[in-house]
Amino acid sequence: MELRHLRYFVAVAEAGSLTVAAEQRLHTSQPSLSRQIRDLEDELGAQLLTRRARGIELTPAGRAFLDHARVALAQVAAAAEATRRVAHPAKPCFAMGFLTGHELTWMPEALQILRDELPNIDVMISSQYSPLLAEGLSKGKIDAAFLRREKGAPELAYRVLVKESLMVILPSDHRLAALKTISPDTAPVLRVVIDNYLKRSGVNITPAHEADHLAMGMSLIASTRGVGLLPAYAQNFLPSSVTSRPLKGDAPTVDLVLGYKKSNKSPVLKLLLSRLDELIDQVSKK
């Protein structure tokens, strides 16, 4: 008795037809399949199938043998998979997330830090908005993320990478674009990041629009001829119809941080954290 006898018998039993099993599942001829089944029955000394006009029917002996044949085939498949895993172990995966727009600046340098480990790991990269990155860290789907310091996640730890100054973003032909710097008492601004800055500056603003992400913010500014504040990295993505100017005086900043789950014991994460100062220095030189 060989494994092919078991596979052929199970295929016939599940298909309910020698013809269907031969043509659609085993890709062999029906006479050859019938011969293999007869050889199996001779080996067992029992009739397994009864041929009917509309197909085959298992005998009581065939039904008893079917369960054991399935178990045997499953055990062989499990043994083969276990052998493959030992012979060719899967590489560990390290998942990095980036706040959309920051990949161009931070990803090349981060991968350079990890270059010696890259042959031994699979690196997965994702680009998302900060709350989704924090959620991925909390759920263990992301090992390290370049994001904002999100609240409500005590299981996460953050290391400050850079304090990004907010810039005034406005249409290129706006009257304020003629100025080298813009004072907060002359430019409407977005609310979310800069409430404290507005209070400190004595400016009372009611935003006309709110944007979920960088691209939407720039589109609103271009289409409504409004003025807003965005982090400095937005200058890398401005269309020709939009320009930027620094704020005069003490401009507000927003932190870009490296976030990770405190309980994450990944050695790759440990390496990245140990060389974080080097990473920051490399990016700052660029």
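Residues numbered from 1 in each chain as written. Predicted model: local features only at pLDDT ≥ 70, side-chain atom pairs only at ≥ 80, totals over all residues. Heavy atoms only, no water.

Draft legend 1. Layout of the packing of helix H2 (residues 18-25) against helix H3 (residues 30-44). Where H2 contacts H3, the axes come no closer than 9 Å and their chain directions differ by 115 degrees. Between H2 and H3, the angle falls in the class roughly perpendicular. Relative to H3, H2 is oriented so that their crossing is right-handed. Residue-level inspection shows Leu 18, Thr 19, Ala 21 and Ala 22 of H2 in contact with H3, the latter providing Gln 30, Leu 33, Ser 34 and Ile 37. The residue makeup of the contact of H2 with H3, split by class, is 5 nonpolar, 3 polar and no charged. (Axes fitted to C-alpha atoms, helices over the stretch in contact; angles between N-to-C directions. Helix = DSSP H or I, 4+ residues; strand = E, 2+ residues; numbered from the N terminus. Parallel < 35°, antiparallel > 145°, perpendicular 65-115°, else oblique. Left-handed = near helix turned anticlockwise from the far one by under 90°. Contact = heavy atoms within 4.5 Å. Nonpolar A, V, L, I, M, F, W, Y, C, P; charged D, E, K, R; others polar.)

Draft legend 2. Inspection of the packing of aromatic side chains at higher detail. Going through the model one piece at a time under the given rule, you end up with 3 aromatic pairs. Seen from their ring centres, Phe 98 and Phe 146 are 4.7 Å apart, and the 5 degrees between their planes marks the pair as stacked. Taken together, the residues span a long stretch of sequence, with Phe 98 in strand E3 (residues 93-99) and Phe 146 in strand E5 (residues 144-147) at a distance of 48 residues. Centre to centre, the rings of Trp 106 and Phe 146 are 5.8 Å apart; their planes meet at 35 degrees, and the pair counts as tilted. Of this pair, Trp 106 sits in helix H5 (residues 103-113) while Phe 146 sits in strand E5, and the two are 40 residues apart along the sequence. Like Phe 146, Trp 106 is buried. Put simply, the rings of Phe 98, Trp 106 and Phe 146 touch in pairs and so form one group of aromatic residues. (Phe/Tyr/Trp six-rings, centres within 6.5 Å; stacked < 30°, edge-to-face > 60°. Buried < 20%, exposed > 50% of the residue type's maximum accessible area, 1.4 Å probe, protein only.)

Draft legend 3. Looking closely at the confidence of the model for the protein. Overall, the prediction assigns the protein a mean pLDDT of 83, with 89% of residues at 70 or greater. The least confident element of the protein, judged by mean pLDDT, is helix H7 (residues 195-201) at 65; the most confident is E5 at 95. Below a pLDDT of 50 lies the segment residues 186-193, which in the model reaches 22 contacts outside its immediate sequence neighbourhood of four places, other chains included. (pLDDT = per-residue confidence, 0-100.)

Draft legend 4. Looking closely at the packing of helix H1 (residues 3-15) against H2. Close contact between H1 and H2 brings their axes to 8 Å; oriented N to C, the two are set at 115 degrees. Our pair here, H1 against H2, has a crossing hand that is right-handed. Contacts between H1 and H2 pair Ala 11, Val 12, Glu 14 and Ala 15 from the former with Leu 18, Val 20, Ala 21 and Arg 25 from the latter. Within the contact of H1 with H2, the residues separate by chemical class into 6 nonpolar, no polar and 2 charged.

Draft legend 5. Representation of the pattern of salt bridges within the structure. Taken as a whole and assessed by the stated rule, the structure comprises 11 salt bridges. Arg 148 is the salt-bridge partner of Glu 164, the closest N and O atoms lying 2.7 Å from each other. Note that Glu 164 is positioned in strand E6 (residues 156-171) and Arg 148 in the loop between E5 and E6, a separation of 16 residues in sequence. A salt bridge links Asp 173 to Arg 225, with the nearest nitrogen and oxygen atoms 2.9 Å apart. (Salt bridge = Lys/Arg side-chain N within 4 Å of Asp/Glu carboxyl O.)

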